[in-house]
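Each chain is listed here by its residues.
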Amino acid sequence: MHALDLKDKAAIFLVIMLVVLTLVEMTLSYFQHRHYYNKRDTLNNLYLTGLAFVINLAVKGATFFALDYTYRFRFFQITNAFLYWLVLIVVQDFLYWVLHYTGHYCRVFWAMHVTHHSSEHFNFTTGFRSTVFEPLYRVVFYLPLALMGFTALDILYAYLVTQLYGNIVHTQYDIRLPKWYGWLFVTPSHHRVHHASNIQYLDKNMGMVLIIWDRLFGTFAKEDSSDKIKYGLTKQPEDMGPVNIVFHEWKALVADVKNAPGMKNKIGYVINAPGWSHDGSTQTARVMQRDYKKQA
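Residues numbered from 1 in each chain as written. Predicted model: local features only at pLDDT ≥ 70, side-chain atom pairs only at ≥ 80, totals over all residues. Heavy atoms only, no water.

A. Fine view of the overall build of the protein. If you tally the helices and strands in the protein, you get 12 helices and zero strands. Counting from the amino terminus, the protein carries its helices and strands in the arrangement α-α-α-α-α-α-α-α-α-α-α-α. For a compact globule of 296 residues, the expected C-alpha radius of gyration is about 19 Å, and the protein comes in at 20 Å, within 12% of that figure. With respect to the three principal axes, the spread of C-alpha positions in the protein is 60 × 55 × 35 Å. Across the 296 residues in the protein, those meeting the buried criterion constitute 46%. Nonlocal contacts in the protein, meaning residues at least 24 apart in sequence, comprise 73% of its contacts between residues at least 6 apart. Here the protein has roughly 16100 Å² of accessible surface; of this, 67% comes from carbon and sulfur atoms. Separation between the mean location of the 28 positive side-chain charges and that of the 21 negative ones in the protein comes to 2 Å. (Helix = DSSP H or I, 4+ residues; strand = E, 2+ residues; numbered from the N terminus. Rg over C-alpha atoms; globule rule 2.2 N^0.38 Å. Buried < 20%, exposed > 50% of the residue type's maximum accessible area, 1.4 Å probe, protein only. Contact = heavy atoms within 4.5 Å. Areas by Shrake-Rupley, 256 points an atom, 1.4 Å probe, with all protein chains shown as cover. Lys, Arg positive; Asp, Glu negative; His and termini not counted. Charge placed at Lys NZ, Arg CZ, Asp CG, Glu CD.)

B. Helix α3 (residues 81–105), seen in detail. Between the first and last C-alpha of α3 there are 36 Å, a value that for 25 residues agrees with the 36 Å anticipated at 1.5 Å per step. The opening residue of α3, the one whose side-chain oxygen lies 3.1 Å from the backbone nitrogen of phenylalanine 82, is asparagine 80. (Expected span 1.5 Å × (residues − 1). Polar contact = N/O pair within 3.5 Å; in protein donor to acceptor, adjacent residues only side chain to side chain.)

C. Geometry of the environment of asparagine 205. As for its placement among the helices and strands, asparagine 205 is situated in the loop between α8 (188–194) and α9 (212–217). On the basis of relative accessible area, asparagine 205 is assigned to the buried category, the value being 1%. Taking C-alpha positions, asparagine 205 is 27 Å from glutamate 238, a pair spaced 33 residues apart along the chain. Not counting residues up to four positions away in its chain, the partners in contact with asparagine 205 are His190, His191, Val193, His194, Ile211, Asp214, Thr219, Phe220 and Ala221.

D. The arrangement of a nonpolar patch on the surface in detail. Side chains of Ile12, Ile16, Val20, Val24 and Leu28 sit close together on the surface and give an oily, nonpolar patch of about 420 Å² of accessible area. Mapped onto the elements of the fold, leucine 28 is located in helix α1 (residues 2–31). (Patch = residues over 30% accessible without salt bridge, like charges linked within 9 Å, V, L, I, M, F, W, Y side chains within 5 Å. Salt bridge = Lys/Arg side-chain N within 4 Å of Asp/Glu carboxyl O.)

E. Representation of the packing of helix α2 (residues 39–71) against helix α6 (residues 152–168) in the model. Interaxial distance between α2 and α6 falls to 8 Å at its minimum, and their mutual angle equals 125 degrees. Relative to α6, the element α2 lies oblique. Across the interface between the two elements, Thr63, Phe64, Leu67 and Asp68 from α2 touch Ala152, Leu153, Ile155 and Leu156 from α6. In terms of residue class, the contact of α2 with α6 is made up of six nonpolar, one polar and one charged. (Axes fitted to C-alpha atoms, helices over the stretch in contact; angles between N-to-C directions. Parallel < 35°, antiparallel > 145°, perpendicular 65-115°, else oblique. Nonpolar A, V, L, I, M, F, W, Y, C, P; charged D, E, K, R; others polar.)

F. Region of interest: the side chain of serine 29. Relative to the helices and strands, serine 29 is located in helix α1. Filtering out sequence-adjacent residues up to four positions away, serine 29 remains in contact with Arg34, His35, Tyr36, Tyr37 and Tyr173.

G. Structural context of the packing of aromatic side chains. Applying the stated rule across the entire model yields 21 aromatic pairs. Aromatic side chains tyrosine 69 and phenylalanine 73 sit 5.3 Å apart centroid to centroid with 70 degrees between the ring planes, which places their arrangement in the edge-to-face category. Aromatic pair tyrosine 84 and phenylalanine 150: ring centres 4.8 Å apart, planes at 65 degrees, arrangement edge-to-face. Of the two residues, tyrosine 84 is situated in helix α3 and phenylalanine 150 in the loop between α5 (138–147) and α6; the sequence distance between them amounts to 66 residues. The same class applies to tyrosine 84 as to phenylalanine 150, namely buried. Positioned above the aromatic ring of tyrosine 71, the side-chain terminus of arginine 74 is 4.2 Å from the ring centre. (Phe/Tyr/Trp six-rings, centres within 6.5 Å; stacked < 30°, edge-to-face > 60°. Lys NZ or Arg CZ within 6 Å of the ring centre and 35° of its normal.)

H. Broad picture of the environment of aspartate 256. Residue placement: aspartate 256 occurs in helix α10 (residues 242–259). Take aspartate 256: its relative accessible area is 28%, and that puts it in the partly exposed class. Once the C-alpha coordinates of aspartate 256 and histidine 278 are considered, the two residues, 22 residues apart in sequence, prove to be 9.7 Å apart. Those residues within four positions of aspartate 256 in sequence are excluded, and the remaining contacts are Arg107 and Tyr269.

That's the geometry; what it means functionally is another story.
In C-alpha cells form, the structure reads like this:
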C-alpha cells in the first residue's frame, strides 16, 4: 500500500503542477498582451477534456480488465525496480508514438484525433483538447506492455505520467533547454511544429516524451524561426461549435465513402492517410510536402 500511496501522491502533485503552470501561462499571456489564449477556444478545450474524462471513466473497468487479463500470459518479468520502470516508460512511450502515428496516417483514426489539432491557438489548455474517443481503442496499443510483464495499474500510471509531460510542452513560450535535451526529449519547440498546419510541418514530431522515435523513423522536423507557425488544420471547419469539433471529420469521411465508386475506393477512404482521394482531387500531407520541396 505504501508504494501505491507514493504513486498517488506523485500523480496528484503532477496534476496540481500542471494546473498551476496553466494559470501562470494564462496570466503572463494576458498581461504581456501575447494573445495566446482565446476565451471560446479555452472553454472548448475544457469541454473536450471533460468529455474525454467521462469516456475514460466509462471504459476504465474494461481497460483494466483487458490489461490484467493479458498480463496472465506475460512472456517474462523484470524484477529490478529501476529497470522495470525505465523499460515501462520507454516502451510505453514508443507504443504511444505508434498510436499517434496511426492517428495521423489512417483516416478513420484521424477522424478521432483531429479534434486535438483543431485549435488555432497553442497553450497549455490545448493539451487538454483530448482525442475524445481514444479511450475506446487505446488499450489495444498497450497490450504488449502486459505481455512484457507490466501490471495493469503500473501501465495506467505510466500513461498518466507521460500524458502530463505531453501537456507541458504545449506552450509558445521559448524555453531555453540544453541542446542534448532536445536530441532525446520532446520540447515545446518540437511540439509547436507538431501542431502547425504549415505544409512542411504536417505529421511531424509525434513523440510524447522522447523525440528519438521521430528521429529514427523520419517524422522529425525542426522549428524554423523564420517561418511563422500557423496552428490548426489545413482546412478549418466553419462551425467550431462543441459538437462539430468532435464530429466534423466523421461527417466528411462518411460523405467520401458514400460518394466513392466501388468497394475498393470506399475502403481506401477509411484506411488511407487523410487527404487521399480516388481521383486525386485532394492530396495527402506527404504529397503536398513533396510538391512543396520541388517549389522551394
